[in-house]
Amino acid sequence: MCVAAEDKVVKGQPPAQQPPPDYLTPVIVDVKPTEAPTIVEIGVLQPLSGRLASLGQLAAAATLAEQDVNAYLTKINATFRIRVVTADTAADPTKALGQMKALHSRGVKLYIERTSGEVRTMKPYADENKLIVISVSSTAPALAIPGDYVFRLPPDDTKQVKAISKILQDAGVRAVVVIWRNDEWGS
């Protein structure tokens, strides 16, 4: 048994403790912990080429994060480490899905992804195979679906529009000219 406490992992049985008299004590029966794999791979699918290549810099940040996380895991005596596996999507939804399938075939189950168009194309495969997708910038309202395997860091655009409208009103702006990209994100 491993118990995480105070930023360290302590192996062995935790010391017996008595709860206060008015507290209910949970009982866990027939628990068999499973060993974590030695290396947990995380697929970082980013546009390293193509029209959004400048956004692919997240891949470099993910490599730095890998070093930081692994240093922390070493410090707490964790039995696993992470490895970032970067793949180029070129901001092309079909290519993104192909990269996801290729990484999934080697056992990757967690993905960091960027655009709404890519997320829309990858989502059915991710949901069917119970693959976790974390999107750092997908904001399309149609993708805000409860209970799926896509977790988006920003709120969807319907919430952003309300916030932006309030800021503009507070600033005294009374008219706006909208220019947008005719793609999944812009529309």
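Numbers given for residues are sequential positions, taken from 1 along each chain in its written order. In view of the model being predicted, local features appear only for residues whose pLDDT reaches at least 70, and side-chain atom pairs are presented and counted only at 80 or more, with totals across whole chains, interfaces and linings using the full set of residues. With hydrogens and water set aside, each side-chain value is computed from the structure's full complement of heavy atoms.

**Digging into the pairing of strand β5 (residues 110-113)**
Note: strand β3 (residues 39-46) against β5, three bridges, orientation parallel. Directly across from Val44, in β5, lies its bridge partner Ile112. Think of it this way: DSSP has to see at least two bridges between two strands before they count as a pair. Helix and strand assignments come from DSSP, with helices taken as H or I runs of at least 4 residues and strands as E runs of at least 2, each series counted from the N terminus. Bridge count between β5 and strand β6 (residues 132-135): four bridges; the pairing is parallel. Bridge pairing links Glu113 to Ser135 in β6.

**Focus: the nonpolar core**
Residues belong to one nonpolar core when they are buried, are Ala, Val, Leu, Ile, Met, Phe, Trp, Tyr or Cys, and are joined through side-chain atoms within 4.5 Å. Any residue under 20% of the maximum accessible area for its type is buried, any over 50% is exposed, and the rest in between are partly exposed; the area is computed with a 1.4 Å probe on protein chains only. Leu45, Met100, Leu103, Tyr111, Met122, Leu131 and Val133 are the most contacted members of the largest nonpolar core, which totals 18 residues. When contributions to this core are tallied by element, the ones reaching two or more residues are β4 (81-88), α2 (93-105) and α3 (116-129). Within the second largest apolar cluster, 10 residues are counted, among which are Ile42, Ile76, Val84 and Ile112.

**Here's the deal with a nonpolar patch on the surface**
There is a patch of nonpolar side chains on the surface, built from Val173, Val176, Val178 and Trp180 and spanning about 400 Å² of accessible area. Tracing the backbone through its elements, the reader meets Val178 in the segment after α4 (157-170). What makes Val178 exposed here is its relative accessible area of 57%. The patches reported here contain residues having more than 30% relative accessible area and no salt bridge. Joining distances are 9 Å for like charges and 5 Å for nonpolar side chains (Val, Leu, Ile, Met, Phe, Trp, Tyr). Note on areas: these come from Shrake-Rupley sampling with a 1.4 Å probe, and a residue is covered only by the protein chains present in the view. What makes a salt bridge here is a side-chain nitrogen of Lys or Arg within 4 Å of a carboxyl oxygen of Asp or Glu, nothing more.

**What to know about the side chain of Asp148**
Mapping Asp148 onto the fold places it in the loop between β6 and β7 (150-152). Look at Asp148 and you get buried, because its relative accessible area is 11%. We call two N or O atoms a polar contact when they sit within 3.5 Å, provided that within protein one can donate a hydrogen and the other can accept it, with sequence-adjacent residues counted only if both atoms are side-chain atoms. A polar contact of 3.2 Å, which involves the side chain of Asp148, links it to the side chain of Lys123. Of the polar contacts made by the side chain of Asp148, one reaches the backbone nitrogen of Val150; its length is 3.3 Å. Here Asp148 is in contact with Lys123, Asp127 and Leu143, once residues within four sequence places are set aside. Should any heavy atoms of two residues lie within 4.5 Å, those residues are considered in contact.

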